[in-house]
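What follows is the residue order along each chain.
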Amino acid sequence: MCGAWWPRSRDLMTELPLLTDAFDARRGRLPGFAVRRGTWPEAPCDLPAAGHTVKTAWFASGFDPYTIRLYSYGVGHWDLLVVPPGTDAASAARLMTAAADPALRLTASALVAAEQRRHDQDGARWEREQVEQWEGEGGAPQRLSADLPFFRNCYGP
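Small disclaimer: the values here were computed from a predicted structure and weren't measured.

Chemist: Could you give an account of the sheet that holds strand β3 (residues 46-49), naming the residues involved and the relevant values?
Modeler: Strand order in the open sheet formed by 6 strands is β1-β6-β5-β2-β4-β3, and the pairing between neighbours is mixed. Lying at the two open borders of the sheet, with one neighbouring strand each, are β1 (3-5) and β3. The average undirected angle you get between the axes of adjacent strands in this sheet is 35 degrees. Two strands pair when backbone bridges link them, and strand β2 (residues 32-36) and strand β4 (residues 52-59) are joined in this way by 5 bridges, in the parallel orientation. Considered in β4, the bridge of Phe33 is made with Thr56. Sheet strands in contact with helix α2 (residues 89-100) are β1 and β6 (76-82), and its direction is about 145 degrees off that of β1.

Chemist: Just give me the short version of the pairing of strand β5 (residues 67-72), but keep the residues and values in it.
Modeler: Sheet topology places β2 next to β5; 3 bridges connect them, and they run antiparallel. Paired with Gly32 across the bridge in β5 is Tyr71. Where β5 and β6 come together, 6 bridges link them in antiparallel fashion. Its bridge partner lying in β6, Ser72 is registered against Gly76.

Chemist: Give a description of the pattern of salt bridges that names residues and reports values.
Modeler: Under the criterion given, the structure shown has 4 salt bridges. In this structure, Asp79 engages Arg69 in a salt bridge whose closest nitrogen and oxygen atoms are separated by 2.6 Å. Here Arg69 lies in strand β5 and Asp79 lies in strand β6, a separation of 10 residues in the sequence. Take Asp79: its relative accessible area is 15%, and that puts it in the buried class.

Chemist: Would you mind going over the layout of surface pockets in detail, with residue names and values included?
Modeler: Reported here for the largest pocket is a volume of approximately 250 Å³. Lining the largest pocket are Cys2, Gly3, Ala4, Trp5, Leu19, Ala22, Phe23, Arg26, Arg27, Leu70, Trp78 and Leu80. Secondary structure elements with two or more residues in the lining of the largest pocket: β1, α1 (12-27) and β6. No other element matches α1, which puts 5 residues into the lining of the largest pocket.

Rules behind the numbers
Residues numbered from 1 in each chain as written. Predicted model: local features only at pLDDT ≥ 70, side-chain atom pairs only at ≥ 80, totals over all residues. Heavy atoms only, no water. Pairing = 2+ DSSP bridges. Helix = DSSP H or I, 4+ residues; strand = E, 2+ residues; numbered from the N terminus. Axes fitted to C-alpha atoms, helices over the stretch in contact; angles between N-to-C directions. Contact = heavy atoms within 4.5 Å. Salt bridge = Lys/Arg side-chain N within 4 Å of Asp/Glu carboxyl O. Buried < 20%, exposed > 50% of the residue type's maximum accessible area, 1.4 Å probe, protein only. 1 Å grid on protein atoms, 1.4 Å probe; cavity = no way out; pocket = protein on both sides within 12 Å on 5 of 7 lines; lining within 4 Å. Points joined across faces, edges and corners; volume = space filled by probe spheres on them.

Just geometry here; none of it tells us what the structure is for.
Below is the structure:
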């Protein structure tokens with residue numbers, strides 16, 4: 001992964017111009033990109049961008065559904081993790097940080113699955129703690145502290 005992109009919706013016609021403008025300004029003109037079919041509800045072949053058209057390659061299989069590949073003249077391609085729209089800010093921040101770490105060699109799907117497991121484990125742990133606290137002292141529930149076991153192992157203590 002070369003980084004991450006966090007679109008706010010699944011409307012590619014709305015979201016892509018923001019990405020292409022940012023990419024064009026930093027890396028040069030973006031002539032095309034590739035994604036997995038089914039990840040986005042619409043499948044246009046050409047998308048308008050600021051001053052040019054971006055060609056789209058759609059893959060039915062063999063391409064990670066959480067990846068967008070951006071092609072650039074002279075630079076080659078950049079694979080970005082697509083943080084699913086609707087992801088909460090804390091999870092999105094962890095995913096974007098992990099995707100930008102060159103030492104972490106996980107696929108986009110593996111990163112999203114690890115974050116989902118972390119989220120599921122935290123939710124189950126929080127529910128257990130609430131029941132234990134309620135039964136033990138009848139006090140008000142406390143907020144679960146931030147525990148990042150997957151990312152702590154990747155980035156140190």
